[in-house]
Amino acid sequence: MTELGNFDFPAEMLVCPVCAKDVVASYCSGCNSEFFSLGDIPCLFTTGIQQKNLWQHQMAMMESQGADALEHLDYILQGYDISPLTRNRLEQSRDAMSESLDMIMGQLKGAGLVSRREPLFEQARVDNPTEYYHHILRDWAWDAEPSKHYRTHVNEANLERVLNVWKNPRPGKMLFLGAGAGRLSWDLHKALQPEFTIASDINPFLLTCANSLIKRRRSITLPELYTYPQIGYPFSRSWVMQPPDDPGKLHEHWYALGADVWNMPLKENCVDTIVTSWLLDVTGGDVKDLISVIDYLLKPGGYWINTGPLLYSGQLSFDLKYSAEEILDFAQMAGFDVEQQSVEEIAHMASPLNARYHHEQIFSFSACKRADSRPAPVPGNTDDWLTPPWLIMHHQPVPRINFQCQMGHEFIRQVLGLVDGKRSIYLIAQMVQPGLPEGVDAKEAVIALFGQILEQMADVGE
Ligand SMILES: C[S@@+](CC[C@H](N)C(=O)[O-])C[C@H]1O[C@@H](n2cnc3c(N)ncnc32)[C@H](O)[C@@H]1O
(Lines give C-alpha, C1' and ligand atoms only; values in the text may rest on other atoms or scores of the structure.)
Protein backbone atom coordinates (compact mmCIF):
# COMPACT_ATOMS: atom_id res chain seq x y z
CA MET A 1 0.00 0.00 0.00
CA THR A 2 1.20 3.46 -0.79
CA GLU A 3 2.37 5.18 2.33
CA LEU A 4 0.66 8.40 3.30
CA GLY A 5 4.08 9.98 3.70
CA ASN A 6 4.70 9.59 -0.03
CA PHE A 7 1.74 11.63 -1.12
CA ASP A 8 1.97 14.81 -3.02
CA PHE A 9 0.26 16.65 -0.16
CA PRO A 10 1.36 19.19 2.46
CA ALA A 11 1.79 16.33 4.94
CA GLU A 12 2.94 18.67 7.72
CA MET A 13 -0.71 19.73 8.03
CA LEU A 14 -2.01 16.23 8.76
CA VAL A 15 -2.79 14.69 12.13
CA CYS A 16 -4.72 11.64 13.21
CA PRO A 17 -8.47 12.46 13.28
CA VAL A 18 -8.87 10.28 16.38
CA CYS A 19 -6.15 11.51 18.72
CA ALA A 20 -4.51 14.45 16.86
CA LYS A 21 -1.08 12.77 16.99
CA ASP A 22 1.29 12.75 14.00
CA VAL A 23 0.67 10.42 11.11
CA VAL A 24 3.68 8.32 10.16
CA ALA A 25 3.42 6.40 6.91
CA SER A 26 -0.15 5.07 6.93
CA TYR A 27 -0.50 4.95 10.70
CA CYS A 28 -1.15 7.23 13.62
CA SER A 29 1.92 7.43 15.86
CA GLY A 30 -0.39 7.67 18.91
CA CYS A 31 -3.37 5.33 18.58
CA ASN A 32 -2.11 3.27 15.61
CA SER A 33 -5.21 3.97 13.49
CA GLU A 34 -4.58 2.91 9.91
CA PHE A 35 -5.32 5.24 7.02
CA PHE A 36 -5.50 4.64 3.28
CA SER A 37 -5.42 6.27 -0.11
CA LEU A 38 -8.05 6.69 -2.78
CA GLY A 39 -5.79 6.66 -5.83
CA ASP A 40 -3.35 9.32 -4.72
CA ILE A 41 -5.77 11.10 -2.38
CA PRO A 42 -4.94 10.70 1.32
CA CYS A 43 -7.99 9.56 3.29
CA LEU A 44 -7.94 9.96 7.06
CA PHE A 45 -11.10 8.97 8.89
CA THR A 46 -11.73 8.04 12.51
CA THR A 47 -12.95 4.67 11.26
CA GLY A 48 -9.56 4.16 9.54
CA ILE A 49 -9.52 1.47 6.90
CA GLN A 50 -13.20 0.67 7.63
CA GLN A 51 -14.13 3.78 5.61
CA LYS A 52 -12.62 2.15 2.54
CA ASN A 53 -14.62 -1.03 3.23
CA LEU A 54 -17.76 1.11 3.52
CA TRP A 55 -17.08 2.79 0.19
CA GLN A 56 -16.47 -0.61 -1.42
CA HIS A 57 -19.73 -1.87 0.04
CA GLN A 58 -21.54 1.21 -1.35
CA MET A 59 -19.98 0.44 -4.74
CA ALA A 60 -21.20 -3.15 -4.65
CA MET A 61 -24.72 -2.04 -3.71
CA MET A 62 -24.75 0.50 -6.52
CA GLU A 63 -23.42 -2.04 -9.01
CA SER A 64 -26.07 -4.61 -8.17
CA GLN A 65 -28.91 -2.03 -8.17
CA GLY A 66 -27.67 -0.73 -11.54
CA ALA A 67 -27.46 -4.24 -12.96
CA ASP A 68 -31.02 -4.97 -11.76
CA ALA A 69 -32.33 -1.79 -13.41
CA LEU A 70 -30.58 -2.65 -16.69
CA GLU A 71 -31.85 -6.20 -16.59
CA HIS A 72 -35.38 -4.91 -16.09
CA LEU A 73 -35.06 -2.57 -19.09
CA ASP A 74 -33.72 -5.43 -21.22
CA TYR A 75 -36.70 -7.51 -20.20
CA ILE A 76 -39.14 -4.74 -21.19
CA LEU A 77 -37.33 -4.26 -24.49
CA GLN A 78 -38.08 -7.89 -25.35
CA GLY A 79 -41.83 -7.09 -25.35
CA TYR A 80 -43.83 -7.48 -28.58
CA ASP A 81 -46.10 -4.48 -28.02
CA ILE A 82 -43.45 -1.74 -27.90
CA SER A 83 -43.79 0.95 -30.54
CA PRO A 84 -40.67 2.05 -32.42
CA LEU A 85 -40.70 5.43 -30.64
CA THR A 86 -40.98 3.84 -27.21
CA ARG A 87 -38.24 1.37 -28.11
CA ASN A 88 -36.03 4.24 -29.20
CA ARG A 89 -36.58 6.07 -25.89
CA LEU A 90 -35.94 2.94 -23.81
CA GLU A 91 -32.83 2.04 -25.75
CA GLN A 92 -31.42 5.54 -25.29
CA SER A 93 -32.11 5.32 -21.57
CA ARG A 94 -30.58 1.88 -21.38
CA ASP A 95 -27.41 3.04 -23.12
CA ALA A 96 -27.10 6.13 -20.89
CA MET A 97 -27.69 4.08 -17.72
CA SER A 98 -25.18 1.48 -18.77
CA GLU A 99 -22.59 4.11 -19.71
CA SER A 100 -23.16 5.92 -16.43
CA LEU A 101 -22.70 2.75 -14.38
CA ASP A 102 -19.54 1.83 -16.31
CA MET A 103 -18.09 5.30 -15.86
CA ILE A 104 -18.81 5.48 -12.13
CA MET A 105 -17.40 2.02 -11.51
CA GLY A 106 -14.39 2.76 -13.74
CA GLN A 107 -13.69 5.98 -11.87
CA LEU A 108 -13.81 4.29 -8.46
CA LYS A 109 -11.88 1.22 -9.61
CA GLY A 110 -9.28 3.51 -11.15
CA ALA A 111 -8.81 4.95 -7.65
CA GLY A 112 -8.10 1.49 -6.25
CA LEU A 113 -11.51 0.52 -4.85
CA VAL A 114 -13.08 -2.86 -5.57
CA SER A 115 -16.78 -3.56 -5.54
CA ARG A 116 -17.20 -5.75 -2.44
CA ARG A 117 -20.03 -6.24 0.02
CA GLU A 118 -19.11 -6.17 3.68
CA PRO A 119 -21.18 -8.17 6.20
CA LEU A 120 -20.64 -5.35 8.72
CA PHE A 121 -22.68 -2.92 6.61
CA GLU A 122 -25.39 -5.32 5.37
CA GLN A 123 -27.94 -4.12 7.92
CA ALA A 124 -26.98 -0.45 7.73
CA ARG A 125 -28.56 2.17 5.48
CA VAL A 126 -25.65 3.25 3.28
CA ASP A 127 -25.40 6.43 1.23
CA ASN A 128 -25.13 6.36 -2.51
CA PRO A 129 -21.81 7.88 -3.70
CA THR A 130 -23.60 9.32 -6.74
CA GLU A 131 -25.90 11.49 -4.60
CA TYR A 132 -24.29 14.64 -6.02
CA TYR A 133 -23.76 13.33 -9.58
CA HIS A 134 -25.35 16.41 -11.14
CA HIS A 135 -22.97 18.67 -9.24
CA ILE A 136 -20.13 17.18 -11.32
CA LEU A 137 -22.01 18.13 -14.47
CA ARG A 138 -22.85 21.58 -13.12
CA ASP A 139 -19.19 22.12 -12.19
CA TRP A 140 -17.52 20.77 -15.30
CA ALA A 141 -20.00 20.14 -18.14
CA TRP A 142 -22.87 22.58 -18.45
CA ASP A 143 -20.72 25.68 -18.99
CA ALA A 144 -20.05 24.24 -22.47
CA GLU A 145 -23.53 25.49 -23.44
CA PRO A 146 -24.79 29.09 -23.24
CA SER A 147 -26.69 29.71 -19.99
CA LYS A 148 -30.27 30.95 -20.03
CA HIS A 149 -29.89 32.20 -16.47
CA TYR A 150 -26.45 33.78 -16.18
CA ARG A 151 -24.64 36.51 -18.04
CA THR A 152 -21.92 34.00 -18.79
CA HIS A 153 -22.01 30.78 -16.80
CA VAL A 154 -23.12 29.50 -13.44
CA ASN A 155 -19.58 28.82 -12.20
CA GLU A 156 -18.43 32.30 -13.04
CA ALA A 157 -21.43 33.69 -11.16
CA ASN A 158 -20.60 31.47 -8.14
CA LEU A 159 -17.03 32.76 -8.13
CA GLU A 160 -18.12 36.36 -8.49
CA ARG A 161 -20.58 36.00 -5.61
CA VAL A 162 -17.80 34.85 -3.31
CA LEU A 163 -15.37 37.54 -4.39
CA ASN A 164 -18.07 40.16 -3.85
CA VAL A 165 -18.24 39.40 -0.14
CA TRP A 166 -14.50 38.87 0.28
CA LYS A 167 -12.76 42.20 -0.02
CA ASN A 168 -8.95 42.26 -0.37
CA PRO A 169 -8.60 38.48 -0.21
CA ARG A 170 -5.34 37.12 1.16
CA PRO A 171 -6.11 33.41 1.01
CA GLY A 172 -2.76 32.04 2.31
CA LYS A 173 -3.39 28.37 3.01
CA MET A 174 -6.95 27.70 1.86
CA LEU A 175 -9.18 24.82 2.95
CA PHE A 176 -12.52 23.85 1.43
CA LEU A 177 -14.83 21.78 3.63
CA GLY A 178 -17.18 19.59 1.58
CA ALA A 179 -15.65 20.75 -1.72
CA GLY A 180 -17.72 18.31 -3.80
CA ALA A 181 -16.70 18.12 -7.46
CA GLY A 182 -14.21 20.90 -6.78
CA ARG A 183 -15.04 23.64 -9.27
CA LEU A 184 -15.32 26.57 -6.88
CA SER A 185 -12.17 25.41 -5.07
CA TRP A 186 -10.36 25.43 -8.41
CA ASP A 187 -11.79 28.76 -9.60
CA LEU A 188 -10.81 30.49 -6.35
CA HIS A 189 -7.42 28.77 -6.41
CA LYS A 190 -6.82 30.04 -9.94
CA ALA A 191 -8.15 33.54 -9.27
CA LEU A 192 -6.36 34.13 -5.95
CA GLN A 193 -3.32 31.84 -6.19
CA PRO A 194 -3.09 30.90 -2.52
CA GLU A 195 -0.06 29.13 -1.09
CA PHE A 196 -2.13 25.98 -1.56
CA THR A 197 -5.72 24.80 -1.59
CA ILE A 198 -6.98 21.67 0.14
CA ALA A 199 -10.35 20.44 -1.17
CA SER A 200 -11.74 17.99 1.38
CA ASP A 201 -14.83 15.85 1.07
CA ILE A 202 -16.27 12.57 2.33
CA ASN A 203 -17.64 11.34 -0.99
CA PRO A 204 -15.25 9.06 -2.92
CA PHE A 205 -16.85 9.63 -6.32
CA LEU A 206 -16.72 13.42 -6.06
CA LEU A 207 -13.17 13.28 -4.68
CA THR A 208 -11.87 11.14 -7.55
CA CYS A 209 -13.69 13.21 -10.19
CA ALA A 210 -12.31 16.48 -8.82
CA ASN A 211 -8.84 14.97 -8.49
CA SER A 212 -8.85 13.45 -12.01
CA LEU A 213 -9.82 16.74 -13.62
CA ILE A 214 -7.82 19.21 -11.54
CA LYS A 215 -4.80 17.31 -10.29
CA ARG A 216 -4.32 14.47 -12.75
CA ARG A 217 -5.53 16.64 -15.66
CA ARG A 218 -7.51 13.80 -17.20
CA SER A 219 -10.86 14.20 -18.93
CA ILE A 220 -13.94 12.40 -17.64
CA THR A 221 -17.00 11.34 -19.61
CA LEU A 222 -20.35 11.12 -17.83
CA PRO A 223 -23.80 10.85 -19.32
CA GLU A 224 -26.79 12.86 -18.14
CA LEU A 225 -30.16 11.17 -18.29
CA TYR A 226 -33.71 12.25 -17.49
CA THR A 227 -36.38 9.65 -17.09
CA TYR A 228 -39.26 12.06 -17.68
CA PRO A 229 -39.98 13.44 -21.14
CA GLN A 230 -39.49 17.13 -21.91
CA ILE A 231 -40.62 18.68 -25.13
CA GLY A 232 -37.71 19.96 -27.17
CA TYR A 233 -35.00 18.44 -24.93
CA PRO A 234 -33.11 15.17 -25.52
CA PHE A 235 -33.45 12.41 -22.90
CA SER A 236 -29.76 12.07 -22.49
CA ARG A 237 -26.38 13.33 -23.49
CA SER A 238 -22.86 12.15 -22.88
CA TRP A 239 -20.62 14.97 -21.60
CA VAL A 240 -16.88 14.93 -22.05
CA MET A 241 -15.42 17.08 -19.29
CA GLN A 242 -11.95 18.46 -19.88
CA PRO A 243 -9.38 19.50 -17.25
CA PRO A 244 -9.50 23.26 -16.64
CA ASP A 245 -6.96 25.49 -18.39
CA ASP A 246 -3.86 25.79 -16.29
CA PRO A 247 -0.92 27.30 -18.17
CA GLY A 248 0.78 28.31 -14.88
CA LYS A 249 0.64 24.75 -13.44
CA LEU A 250 -1.32 26.02 -10.48
CA HIS A 251 -2.79 22.54 -10.00
CA GLU A 252 0.49 21.56 -8.38
CA HIS A 253 -0.67 23.44 -5.26
CA TRP A 254 -4.23 22.11 -5.24
CA TYR A 255 -4.81 18.95 -3.19
CA ALA A 256 -7.78 16.67 -2.57
CA LEU A 257 -8.28 15.16 0.90
CA GLY A 258 -10.68 12.43 2.00
CA ALA A 259 -11.97 13.56 5.40
CA ASP A 260 -15.10 13.98 7.49
CA VAL A 261 -15.84 17.56 8.42
CA TRP A 262 -16.69 16.45 11.98
CA ASN A 263 -13.26 14.88 12.51
CA MET A 264 -10.83 16.77 10.37
CA PRO A 265 -7.30 15.29 10.21
CA LEU A 266 -5.66 18.72 10.27
CA LYS A 267 -3.73 20.63 12.90
CA GLU A 268 -5.20 23.39 15.03
CA ASN A 269 -4.84 26.94 13.58
CA CYS A 270 -3.31 25.54 10.38
CA VAL A 271 -5.09 27.46 7.60
CA ASP A 272 -5.69 31.10 6.68
CA THR A 273 -8.97 30.62 4.84
CA ILE A 274 -11.85 28.16 5.13
CA VAL A 275 -14.54 28.08 2.47
CA THR A 276 -17.89 26.39 3.00
CA SER A 277 -20.01 26.34 -0.13
CA TRP A 278 -23.46 24.73 -0.13
CA LEU A 279 -22.44 22.89 3.04
CA LEU A 280 -24.01 24.41 6.17
CA ASP A 281 -27.43 22.93 5.50
CA VAL A 282 -26.43 19.45 4.31
CA THR A 283 -24.09 18.00 6.94
CA GLY A 284 -26.97 16.78 9.10
CA GLY A 285 -25.21 18.29 12.12
CA ASP A 286 -25.40 21.43 14.21
CA VAL A 287 -24.06 24.58 12.49
CA LYS A 288 -22.73 25.67 15.91
CA ASP A 289 -20.51 22.57 15.91
CA LEU A 290 -19.36 23.34 12.37
CA ILE A 291 -18.38 26.82 13.51
CA SER A 292 -16.31 25.23 16.27
CA VAL A 293 -14.52 23.07 13.66
CA ILE A 294 -13.82 26.18 11.57
CA ASP A 295 -12.65 28.11 14.64
CA TYR A 296 -10.29 25.25 15.56
CA LEU A 297 -8.67 24.96 12.11
CA LEU A 298 -8.44 28.65 11.25
CA LYS A 299 -5.53 30.85 12.28
CA PRO A 300 -6.34 34.02 14.20
CA GLY A 301 -6.86 36.75 11.60
CA GLY A 302 -7.97 34.12 9.06
CA TYR A 303 -11.20 34.23 7.06
CA TRP A 304 -14.26 32.02 6.91
CA ILE A 305 -16.07 32.44 3.60
CA ASN A 306 -19.52 30.93 3.29
CA THR A 307 -21.92 30.74 0.38
CA GLY A 308 -25.04 28.65 -0.14
CA PRO A 309 -28.67 28.21 0.85
CA LEU A 310 -30.19 27.36 4.23
CA LEU A 311 -32.31 24.50 2.93
CA TYR A 312 -31.78 22.12 5.82
CA SER A 313 -32.89 18.55 5.23
CA GLY A 314 -36.31 17.48 6.45
CA GLN A 315 -34.80 15.11 9.03
CA LEU A 316 -32.86 17.83 10.82
CA SER A 317 -34.43 18.77 14.11
CA PHE A 318 -36.33 22.09 13.88
CA ASP A 319 -34.25 23.76 16.61
CA LEU A 320 -31.13 23.28 14.45
CA LYS A 321 -32.57 24.95 11.35
CA TYR A 322 -30.91 28.25 12.19
CA SER A 323 -31.69 31.48 10.37
CA ALA A 324 -29.02 33.63 8.74
CA GLU A 325 -29.19 35.99 11.75
CA GLU A 326 -28.67 33.12 14.20
CA ILE A 327 -25.66 31.86 12.25
CA LEU A 328 -24.03 35.30 12.17
CA ASP A 329 -24.75 35.66 15.88
CA PHE A 330 -23.04 32.31 16.58
CA ALA A 331 -20.07 33.37 14.46
CA GLN A 332 -19.83 36.59 16.44
CA MET A 333 -20.01 34.67 19.75
CA ALA A 334 -17.28 32.33 18.52
CA GLY A 335 -14.94 35.27 17.94
CA PHE A 336 -15.57 36.14 14.29
CA ASP A 337 -16.20 39.62 12.91
CA VAL A 338 -18.62 39.37 10.02
CA GLU A 339 -17.38 41.79 7.38
CA GLN A 340 -19.55 41.46 4.26
CA GLN A 341 -22.72 39.61 3.46
CA SER A 342 -25.13 39.18 0.57
CA VAL A 343 -28.40 37.48 -0.23
CA GLU A 344 -29.19 36.54 -3.80
CA GLU A 345 -31.86 34.47 -5.50
CA ILE A 346 -30.53 32.30 -8.27
CA ALA A 347 -31.31 29.47 -10.68
CA HIS A 348 -29.68 26.38 -9.21
CA MET A 349 -28.84 23.15 -11.03
CA ALA A 350 -30.14 24.53 -14.30
CA SER A 351 -29.01 21.98 -16.86
CA PRO A 352 -29.11 22.71 -20.59
CA LEU A 353 -30.91 19.33 -20.79
CA ASN A 354 -33.65 20.19 -18.34
CA ALA A 355 -36.57 22.61 -18.50
CA ARG A 356 -36.88 22.35 -14.74
CA TYR A 357 -34.47 23.83 -12.20
CA HIS A 358 -34.35 25.02 -8.60
CA HIS A 359 -34.78 28.58 -7.49
CA GLU A 360 -32.66 29.11 -4.37
CA GLN A 361 -31.78 31.89 -2.00
CA ILE A 362 -28.04 32.11 -1.47
CA PHE A 363 -26.58 33.55 1.69
CA SER A 364 -22.91 34.52 1.44
CA PHE A 365 -20.61 36.17 3.93
CA SER A 366 -17.01 36.68 4.94
CA ALA A 367 -16.02 36.58 8.59
CA CYS A 368 -12.61 37.28 10.09
CA LYS A 369 -11.47 35.30 13.13
CA ARG A 370 -10.43 37.90 15.66
CA ALA A 371 -6.71 37.83 16.31
CA ASP A 372 -7.13 38.82 19.95
CA SER A 373 -9.36 36.80 22.23
CA ARG A 374 -11.50 39.57 23.64
CA PRO A 375 -12.48 39.38 27.26
CA ALA A 376 -16.01 38.09 27.77
CA PRO A 377 -18.40 41.06 27.59
CA VAL A 378 -19.66 42.29 30.93
CA PRO A 379 -23.27 41.15 31.19
CA GLY A 380 -25.68 44.05 30.84
CA ASN A 381 -28.94 42.36 31.74
CA THR A 382 -30.34 39.09 33.06
CA ASP A 383 -30.49 37.49 29.60
CA ASP A 384 -26.74 38.06 29.15
CA TRP A 385 -26.18 36.25 32.42
CA LEU A 386 -28.37 33.35 31.36
CA THR A 387 -26.95 32.86 27.87
CA PRO A 388 -23.24 33.72 27.87
CA PRO A 389 -21.43 32.80 24.58
CA TRP A 390 -19.55 29.90 26.22
CA LEU A 391 -22.86 28.21 27.17
CA ILE A 392 -24.20 28.48 23.62
CA MET A 393 -20.97 27.80 21.71
CA HIS A 394 -19.79 24.65 23.43
CA HIS A 395 -16.19 24.84 22.26
CA GLN A 396 -15.51 28.17 24.00
CA PRO A 397 -13.64 28.18 27.32
CA VAL A 398 -15.81 28.26 30.41
CA PRO A 399 -14.55 31.33 32.30
CA ARG A 400 -13.30 31.06 35.87
CA ILE A 401 -16.15 32.89 37.46
CA ASN A 402 -17.31 32.28 40.95
CA PHE A 403 -20.06 29.74 40.29
CA GLN A 404 -22.17 29.98 43.41
CA CYS A 405 -23.93 26.75 44.16
CA GLN A 406 -24.28 23.94 46.68
CA MET A 407 -21.59 21.34 46.06
CA GLY A 408 -24.00 18.64 47.23
CA HIS A 409 -23.56 16.20 44.40
CA GLU A 410 -20.30 14.58 43.29
CA PHE A 411 -21.10 15.39 39.62
CA ILE A 412 -21.35 19.13 40.47
CA ARG A 413 -18.09 19.03 42.39
CA GLN A 414 -16.37 17.20 39.52
CA VAL A 415 -17.62 19.54 36.77
CA LEU A 416 -16.84 22.76 38.65
CA GLY A 417 -13.45 21.32 39.59
CA LEU A 418 -12.64 21.06 35.87
CA VAL A 419 -13.33 24.73 35.16
CA ASP A 420 -9.90 26.28 34.62
CA GLY A 421 -10.71 29.16 32.25
CA LYS A 422 -9.47 27.09 29.30
CA ARG A 423 -11.61 23.99 29.12
CA SER A 424 -14.84 24.18 27.13
CA ILE A 425 -18.16 22.47 27.78
CA TYR A 426 -17.17 19.92 25.10
CA LEU A 427 -13.95 19.06 26.86
CA ILE A 428 -15.44 18.97 30.33
CA ALA A 429 -18.23 16.73 29.04
CA GLN A 430 -15.70 14.37 27.44
CA MET A 431 -13.80 14.17 30.73
CA VAL A 432 -16.83 13.39 32.89
CA GLN A 433 -18.60 11.08 30.41
CA PRO A 434 -16.82 7.86 31.53
CA GLY A 435 -18.08 8.34 35.10
CA LEU A 436 -21.75 8.75 34.11
CA PRO A 437 -24.33 5.96 33.90
CA GLU A 438 -24.89 4.50 30.42
CA GLY A 439 -27.33 6.51 28.32
CA VAL A 440 -26.63 9.81 30.12
CA ASP A 441 -25.30 12.43 27.69
CA ALA A 442 -22.52 14.26 29.52
CA LYS A 443 -22.76 17.38 27.36
CA GLU A 444 -26.47 17.78 28.07
CA ALA A 445 -25.85 17.20 31.78
CA VAL A 446 -23.00 19.74 31.92
CA ILE A 447 -25.03 22.37 30.01
CA ALA A 448 -28.01 21.82 32.33
CA LEU A 449 -25.78 22.19 35.38
CA PHE A 450 -24.24 25.48 34.24
CA GLY A 451 -27.65 26.73 33.08
CA GLN A 452 -29.20 26.06 36.48
CA ILE A 453 -26.31 27.67 38.33
CA LEU A 454 -26.53 30.79 36.15
CA GLU A 455 -30.30 30.92 36.64
CA GLN A 456 -29.85 30.83 40.42
CA MET A 457 -27.10 33.47 40.25
CA ALA A 458 -29.33 35.73 38.12
CA ASP A 459 -32.23 35.27 40.60
CA VAL A 460 -29.98 36.25 43.49
CA GLY A 461 -28.64 39.25 41.52
CA GLU A 462 -32.12 40.60 40.72
C1 LIG B 1 -24.36 20.27 -1.65
S2 LIG B 1 -22.76 19.60 -1.88
C3 LIG B 1 -21.80 21.06 -2.19
C4 LIG B 1 -20.50 20.75 -2.86
C5 LIG B 1 -19.64 21.97 -3.20
N6 LIG B 1 -19.16 22.63 -2.00
C7 LIG B 1 -20.40 22.93 -4.08
O8 LIG B 1 -20.53 24.09 -3.72
O9 LIG B 1 -20.86 22.51 -5.14
C10 LIG B 1 -22.30 19.19 -0.23
C11 LIG B 1 -20.95 18.49 -0.16
O12 LIG B 1 -20.63 18.31 1.21
C13 LIG B 1 -20.08 17.03 1.36
N14 LIG B 1 -20.29 16.61 2.76
C15 LIG B 1 -21.46 16.42 3.40
N16 LIG B 1 -21.24 16.01 4.66
C17 LIG B 1 -19.90 15.94 4.82
C18 LIG B 1 -19.05 15.57 5.90
N19 LIG B 1 -19.54 15.17 7.07
N20 LIG B 1 -17.73 15.63 5.71
C21 LIG B 1 -17.21 16.03 4.52
N22 LIG B 1 -17.95 16.38 3.45
C23 LIG B 1 -19.28 16.34 3.60
C24 LIG B 1 -20.82 16.17 0.36
O25 LIG B 1 -20.12 14.99 0.06
C26 LIG B 1 -20.93 17.12 -0.82
O27 LIG B 1 -19.83 17.04 -1.65
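About the criteria used
- Residues numbered from 1 in each chain as written.
- Predicted model: local features only at pLDDT ≥ 70, side-chain atom pairs only at ≥ 80, totals over all residues.
- Heavy atoms only, no water.
- Domains from an automatic or database assignment.
- Helix = DSSP H or I, 4+ residues; strand = E, 2+ residues; numbered from the N terminus.
- Buried < 20%, exposed > 50% of the residue type's maximum accessible area, 1.4 Å probe, protein only.
- Polar contact = N/O pair within 3.5 Å; in protein donor to acceptor, adjacent residues only side chain to side chain.
- Contact = heavy atoms within 4.5 Å.
- Pairing = 2+ DSSP bridges.
- Right-handed = clockwise from strand over helix to strand, strands pointing away.
- 1 Å grid on protein atoms, 1.4 Å probe; cavity = no way out; pocket = protein on both sides within 12 Å on 5 of 7 lines; lining within 4 Å.
- Points joined across faces, edges and corners; volume = space filled by probe spheres on them.
- Nonpolar A, V, L, I, M, F, W, Y, C, P; charged D, E, K, R; others polar.
- Expected span 1.5 Å × (residues − 1).

Visitor: Whenever I open this one, the domain arrangement of the protein chain confuses me. Can you help?
Guide: In many reports, interface size means the accessible area that the parts give up when they come together. Its domain assignment divides the protein chain into domain 1 (4-35), domain 2 (50-121), domain 3 (133-369) and domain 4 (382-461). Once you take the C-alpha centre of each, domain 1 and domain 4 turn out to be 34 Å apart.

Visitor: Looking at this model, I keep getting lost on the side chain of Thr197. Mind explaining?
Guide: Within the secondary structure, Thr197 sits in strand S6 (residues 196-201). For Thr197, a relative accessible area of 0% puts it in the buried group. Within polar-contact distance, the side chain of Thr197 engages the side chain of His189 at 2.7 Å. Not counting residues up to four positions away in its chain, the partners in contact with Thr197 are Met174, Phe176, Ser185, His189, His253, Trp254 and Tyr255.

Visitor: Sorry, what's going on with the pairing of strand S11 (residues 298-308) here?
Guide: Among the eleven residues of S11, eight are classified as buried, and the element is accordingly described as predominantly covered. Judged from the six bridges that link them, strand S10 (residues 271-277) and S11 form a sheet pairing that is parallel. Each residue of the ladder has a partner; that of Thr276, found in S11, is Asn306. As for the winding sense of the linkage, the β-α-β connection from S10 through helix H7 (residues 287-297) to S11 is right-handed.

Visitor: When you look at empty space enclosed by the protein in this model, what are you seeing that I'm missing?
Guide: The gaps left among the atoms become clear once a water-sized probe is rolled over them. Counted by the stated rule, this structure contains one cavity of 30 Å³ or more. Space inside the largest cavity adds up to approximately 30 Å³. Lining the largest cavity, in full, are Lys288, Asp289, Ser292, Ile392, Met393, His394, His395 and Tyr426. When residues of the lining of the largest cavity are assigned to their parent elements, the largest contribution, three residues, is made by H7. Within the lining of the largest cavity, the residues separate by chemical class into three nonpolar, three polar and two charged.

Visitor: How should helix H4 (residues 154-165) be read in this particular structure?
Guide: An α-helix turns once per 3.6 residues; consequently, residues spaced three or four apart project the same way. For H4, which comprises twelve residues, the first-to-last C-alpha distance of 17 Å matches the rise-based estimate of 16 Å (1.5 Å per residue) to within 8%. Packing partners of the buried residues in H4 comprise helix H3 (133-140), helix H5 (183-192), S11, strand S12 (336-348) and strand S13 (358-369).

Visitor: Got a minute to help me understand H5 in this structure?
Guide: The buried fraction of H5 amounts to eight of the ten residues, a majority that puts the element mostly inside the structure. Looking only at H5, the buried set comprises Arg183, Leu184, Ser185, Trp186, Asp187, Leu188, His189 and Leu192.

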